[in-house]
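Single-letter residue listing:
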Amino acid sequence: MRSHTLAELAELLGAELVGDGERSIEGIRPLDRAGPEHISFLHNPKYVAQAAESRAGAILVHTTDDLAGRNLLICDQPYLAVARTLELFHPRPRPEPGVHPSSVVGDDLELGPDASVGPLVSIGRRVVIGDRTVIGPGCVVGDGVRIGEDCILHPRVVVEDGCRIGDRCILQAGAVIGSDGYGFATVDGVHHKVPQVGIVVLEDDVEIQANTTVDRATMGETRIGRGTKVDNLVQLAHNVQVGEHCLLVSQVGISGSTKIGRYSVFAGQAGVAGHLDIGERTMVGAKAGVMKSVPDGSVLGGFPARPQKEWMKTQAAVQRLGAMRERVADLERRLSAVEESGKERS
Amino acid sequence: MRSHTLAELAELLGAELVGDGERSIEGIRPLDRAGPEHISFLHNPKYVAQAAESRAGAILVHTTDDLAGRNLLICDQPYLAVARTLELFHPRPRPEPGVHPSSVVGDDLELGPDASVGPLVSIGRRVVIGDRTVIGPGCVVGDGVRIGEDCILHPRVVVEDGCRIGDRCILQAGAVIGSDGYGFATVDGVHHKVPQVGIVVLEDDVEIQANTTVDRATMGETRIGRGTKVDNLVQLAHNVQVGEHCLLVSQVGISGSTKIGRYSVFAGQAGVAGHLDIGERTMVGAKAGVMKSVPDGSVLGGFPARPQKEWMKTQAAVQRLGAMRERVADLERRLSAVEESGKERS
Amino acid sequence: MRSHTLAELAELLGAELVGDGERSIEGIRPLDRAGPEHISFLHNPKYVAQAAESRAGAILVHTTDDLAGRNLLICDQPYLAVARTLELFHPRPRPEPGVHPSSVVGDDLELGPDASVGPLVSIGRRVVIGDRTVIGPGCVVGDGVRIGEDCILHPRVVVEDGCRIGDRCILQAGAVIGSDGYGFATVDGVHHKVPQVGIVVLEDDVEIQANTTVDRATMGETRIGRGTKVDNLVQLAHNVQVGEHCLLVSQVGISGSTKIGRYSVFAGQAGVAGHLDIGERTMVGAKAGVMKSVPDGSVLGGFPARPQKEWMKTQAAVQRLGAMRERVADLERRLSAVEESGKERS
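Note that this is a predicted model, so its numbers are computed, not measured.

Draft legend 1. The arrangement of the packing of aromatic side chains in detail. The final tally for this structure, using the stated rule, is six aromatic pairs over all chains. Taken together, a centroid distance of 5.6 Å and an interplanar angle of 25° make the contact between A:Trp311 and B:Phe303 stacked. Of this pair, A:Trp311 sits in helix α4 (residues 308-319) while B:Phe303 sits in the loop between β39 (299-301) and β40 (306-307), each in a different chain. As far as the burial class goes, A:Trp311 and B:Phe303 line up, both buried.

Draft legend 2. How the structure looks around the relation of the copies chain C and chain A. After a rotation of 120° and a shift along the axis of 0.2 Å, chain C superposes on chain A with an RMSD of 0.2 Å. Here the transformation between the copies is reduced to the relation of a three-fold axis.

Draft legend 3. Inspection of the side chain of C:Lys229 at higher detail. If you trace the backbone, C:Lys229 turns up in strand β28 (residues 229-230). Notably, C:Lys229 is buried but unbridged: the nearest opposite-charge side chain belongs to C:Glu207, and the N-O separation is 5.2 Å. Excluding residues within four positions of it along the chain, C:Lys229 makes contact with A:Tyr182, A:Phe184, A:His191, C:Asp205, C:Glu207, C:Cys246, C:Leu247 and C:Leu248.

Draft legend 4. Quick peek at the pattern of salt bridges. For the structure on display, the rule yields 49 salt bridges over all chains. Among the ionic pairs, A:Arg168 bridges to A:Asp205, the shortest N-O distance being 2.8 Å. Placement of the pair is A:Arg168 in the loop between β19 (164-165) and β20 (170-171) and A:Asp205 in the loop between β24 (199-202) and β25 (207-208), with a sequence separation of 37 residues. The partly exposed category is assigned to A:Arg168, whose relative accessible area is 40%. Notably, a salt bridge pairs B:Arg132 with B:Asp131, separated by 3.1 Å at the nearest N-O pair. Ionic contacts of the salt-bridge type, sharing partners, join the residues A:Asp131, A:Arg132, A:Glu149 and A:Asp150 into one network.

Draft legend 5. Inspection of a negative patch on the surface at higher detail. Taken together, the side chains of A:Glu8, A:Glu11, A:Asp20 and A:Glu22 present a region of like negative charge at the surface. In this structure A:Glu8 comes out as partly exposed when scored by relative accessible area, which is 38%.

Draft legend 6. The interface of chain A and chain B, seen in detail. Counting from both sides, the interface comprises 62 residues of chain A and, opposite them, 65 residues of chain B. Of all residues in chain A, the largest losses of buried area upon contact with chain B belong to A:Arg156, A:Lys287 and A:Arg325, amounting jointly to 13% of the total for that side. We note a salt bridge from B:Lys193 to A:Glu207, for which the minimum N-O separation is 3.0 Å. In this structure, the connection of chain A to chain B is made through 26 residue pairs in polar contact (both at pLDDT 80 or more). Residue assignment for the side of chain A that touches chain B shows that the elements contributing at least two residues are α3 (78-89), β28 (229-230), β31 (247-248), α4 and α5 (321-345) of chain A.

Draft legend 7. Just the interface of chain C and chain A, in detail. Each partner contributes to the interface: chain C provides 62 residues, whereas chain A provides 65 residues. Approximately 5100 Å² of surface area, both sides summed, lies buried where chain C meets chain A, with 64% of it carried by carbon and sulfur atoms. On the chain C side of the interface with chain A, the three residues burying the most area are C:Arg156, C:Lys287 and C:Arg325, jointly 13% of the side's total. Counting across the chain C and chain A interface gives three salt bridges. Its salt-bridge partner being C:Glu339, residue A:Arg334 comes within 2.9 Å of it at the nearest N-O pair. Seen at the junction of chain C and chain A, the total is 26 residue pairs in polar contact (both at pLDDT 80 or more). Looking at the side of chain C that touches chain A, the elements that each hand over two or more residues are α3 (78-89), β28, β31 (247-248), α4 (308-319) and α5 (321-345) of chain C. Broken down by element, the residue count for the side of chain C that touches chain A peaks at 13 residues, all from α5(C). Of the residues contributing to the side of chain C that touches chain A, the split by class is 32 nonpolar, 18 polar and twelve charged.

Draft legend 8. Representation of the pairing of strand β22 (residues 184-187) of chain A. All names here are of chain A. As judged from the four bridges shared by β22 and strand β23 (residues 190-193), these two strands associate in the antiparallel manner. Paired with Phe 184 across the bridge in β23 is Lys 193. Between β22 and the antiparallel strand that follows it, β23, lie two residues; Asp 188 among them carries a positive phi value of about 55°.

Draft legend 9. Region of interest: empty space enclosed by the protein. All chains considered together, the criterion is met by three cavities of 30 Å³ or more. Elements represented by at least two residues in the lining of the largest cavity include exactly α4 of chain A, α4 (308-319) of chain B together with α4 of chain C. Its residues assigned to classes, the lining of the largest cavity shows twelve nonpolar, twelve polar and six charged. In this structure, the second largest cavity spans a volume of roughly 150 Å³.

Draft legend 10. Up close: helix α1 (residues 6-13) of chain C. All names here are of chain C. Of the residues making up α1, those classed as buried are Leu 6, Leu 9, Ala 10 and Leu 13. Along α1, the residues classed as buried sweep out an arc of 100° about the axis, all on the same side. Count one or two residues on from α1 and you reach Gly 14, which has phi positive near 65°.

Draft legend 11. Structural detail: the sheet that holds strand β10 (residues 110-111) of chain C. All names here are of chain C. Pairing is parallel in the open sheet, where nine strands are placed in the order β10-β13-β16-β19-β24-β27-β30-β33-β36. The open sheet has two free edges, formed respectively by β10 and β36 (277-278), since each of these has just one partner strand. By the bridge criterion, two bridges tie β10 to strand β13 (residues 128-129) in an arrangement that is parallel. In the strand pairing of β13, Glu 110 is matched with Val 128.

Scoring rules and cut-offs
- Residues numbered from 1 in each chain as written.
- Chains lettered and ligands numbered in written order.
- Predicted model: local features only at pLDDT ≥ 70, side-chain atom pairs only at ≥ 80, totals over all residues.
- Heavy atoms only, no water.
- Phe/Tyr/Trp six-rings, centres within 6.5 Å; stacked < 30°, edge-to-face > 60°.
- Helix = DSSP H or I, 4+ residues; strand = E, 2+ residues; numbered from the N terminus.
- Buried < 20%, exposed > 50% of the residue type's maximum accessible area, 1.4 Å probe, protein only.
- Least-squares fit on C-alpha atoms with pLDDT ≥ 70 in both.
- Lys, Arg positive; Asp, Glu negative; His and termini not counted.
- Salt bridge = Lys/Arg side-chain N within 4 Å of Asp/Glu carboxyl O.
- Contact = heavy atoms within 4.5 Å.
- Patch = residues over 30% accessible without salt bridge, like charges linked within 9 Å, V, L, I, M, F, W, Y side chains within 5 Å.
- Areas by Shrake-Rupley, 256 points an atom, 1.4 Å probe, with all protein chains shown as cover.
- Charge placed at Lys NZ, Arg CZ, Asp CG, Glu CD.
- Buried area = accessible area lost by both parts, 1.4 Å probe.
- Polar contact = N/O pair within 3.5 Å; in protein donor to acceptor, adjacent residues only side chain to side chain.
- Nonpolar A, V, L, I, M, F, W, Y, C, P; charged D, E, K, R; others polar.
- Pairing = 2+ DSSP bridges.
- 1 Å grid on protein atoms, 1.4 Å probe; cavity = no way out; pocket = protein on both sides within 12 Å on 5 of 7 lines; lining within 4 Å.
- Points joined across faces, edges and corners; volume = space filled by probe spheres on them.
- Arc of directions from axis to C-beta.

Printed below as a string of structure tokens:
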């Protein structure tokens, strides 16, 4: 069990210490499960009361407000400090360097000195694996693949022929990089396969999570920009271009040849049609379906997706349709009465 | 070919026999494909006519009504009897106990005497595998994993470090248990990974089907309750808590930290936002998107999800919008005429 | 680097040559990335101007219109010619025939003379693998499986016990064929597994893409018709019958026992409920949810799915709900005024 004094933690995290610097901290826990030997964290003001009651030995906070008398580490970005504290208390074990004897390696593997290839891995020919990269059990790496430094491939990842992975990328279990795109030339109702001879490029610091699929380009590249994070069970079709620092949440589908501008966010189960141009910093709501290109800074919801506010207003109007029907029926009754009395009068 | 007399089957199933107990039955088939050597079943009154015409040698039924003269096995739960009959005629072959020599096993494996580890499996250190559990070809089991008794892991399942699987669990091919959750601390648009150091716990009698993903908790546990059955390609995010005996149908997505009460059902492609509390015995319709916490016994449809009846009424009203537009136009014409005649009169 | 003269290409593709037959062509590229050594293609009139400006040494076209003075190959089906040209310049490398020594093979394997089983594959007992079929690294093939000739199984595909794959099928990485269907007999809220003892049959020329799942039938067969192409992350449930030459785009879900008529198309993230009969040549729009059986030639959109035109009209009406509310309010004001003046008069 690793432990740090609170003063050490303050220094490691670049945080300001308030309280007992000598207190020994053995781990990090949420407010409701922390004890005196743990540090906890408050990054949502909603939980101030819970923080006040927590048994935590110290708390990572943004401000000292409302927590007088507690041991605190004050930092600009408490959630980032949580990430760093988790790394401190849970360092990733570094597997043995080299190739496990049960693995099968093709000719001309170029392997970084501290890189590790786990058991039962299949590596093709002319593969480059950067230093300190870890290839987990059961992975398959195709011919001519290049993987950068400090990457982690979790178990059973597939990277097919010719694809390129940048530095510090993380691929979660079951992810498939470089499967064939869905391309067919249909003649008289019969679908003839169009060979998919392009590749996939993941730039640096990309994470692709479990059982997500990224298709290779028909020709050229499918490209995922630096720092983009893709959740589980997402589909990225052939020739898609995702900009830097995007977030694509679980079960999103991006159709072929669509471009997503950087810093965009797609919430869960959203989708976008093919051959579109999605501007930078676009926000797409859960389950939305984007059917047209949109400019930078768009905020979209619904299907077909419209500006989020407009969609919400429309949803509200739809909810009041019953009331509107009653108003129309009332108008009809009243107007008939007026018409009737008009006839009587004439 | 295994065979049973109808009298034997009646006893094995705890059913009441009507007809020829000596008839030999060699298998179970649907009504339209059963012959005199098969038993069939009727668990939906819609198919009574088909049952009457079936060539089946016997039929599993709930009641003798309308099937006079047929060989019948009468039971309270005909579909449960179908399940048991399928087990009788299709016993799962038990693979050789022990570890296949092509597999790679870390230190300190604790393996039940009749447990079986198939070919090309990678097992980490300090793993416990219960008695009679079967690990299929190509599976990857991480360090410190505990798997109970009588489990079946189909080919290419991944259970990552530290996760715990109860007794009698079934994991279908390609399922991933314990992948990292989607957790990032975003600072100035850059997403910093939050280490995911929790685990996944599957309680007893859970089934997770093909290519479904269950993320480990950030801290603590993602937990799937006893008897819950999860279909293919479902996403269960970090820190999710699913109660006992739930059904989550294909392509459902449950976002992070959401709690689902026991006996709840999510139909295909439904989703629920994060950090919500979904009451017990909640029914969520296909493609619905639940955006708020709901009490026990809720029945929901649409997106954003509302009570199912209200949603259906709204859908019907939307269908009649064209008619309403015509009524409004008609009102406008008639009212103009009334206004005109009023002007003439004054 | 392979190269062909334009005259050779014309002959290989059955195209009409216009221009310099001696020009040497070394590859095929999109219009904007082709150089004088490449052939490019124009199959959408939208790109005529781009074609005119392209540096391509030759262009595959349907007609000579608007491209006077360029080297052209004129063909009836330019996109099919693109597919064939890609095959010419990117022939799939044929792996070594036979079984890689790291693979594990059960008794009685029947292997075509030029078939190839890659590294770390697990093959069950009594398996038949047709001639020239390629089984990629890490695949798992169950007992009694039959795979036809000229198939390609990409890495980490699973085909479970008893399933049958036709000739010229392609299975992309991570696809699962023959996982258990989602079948339970629920008694008092507890879900008892119904053994799934049927199989999956893929007819000839089927392609199943990455991480898609096809469940085995409860009894009998789940069947995917000849020439049908299924994109990534699609769910095909037990007992589904998909006709010939269908297209099922990414993240589509087909529920249990539903039949899809031939030549039908499901766009991305669409779904269909169970036990339905979907007519031939049905078109289902993106994200649509089909809840009823439909006749041949249906064109559907929305959820619950309706005829596409009706759905679009309804969507437009919903967008104009705000305007309608104003018209109703205006009617109410005007009618009140009329009623008021009527009262004054009487």
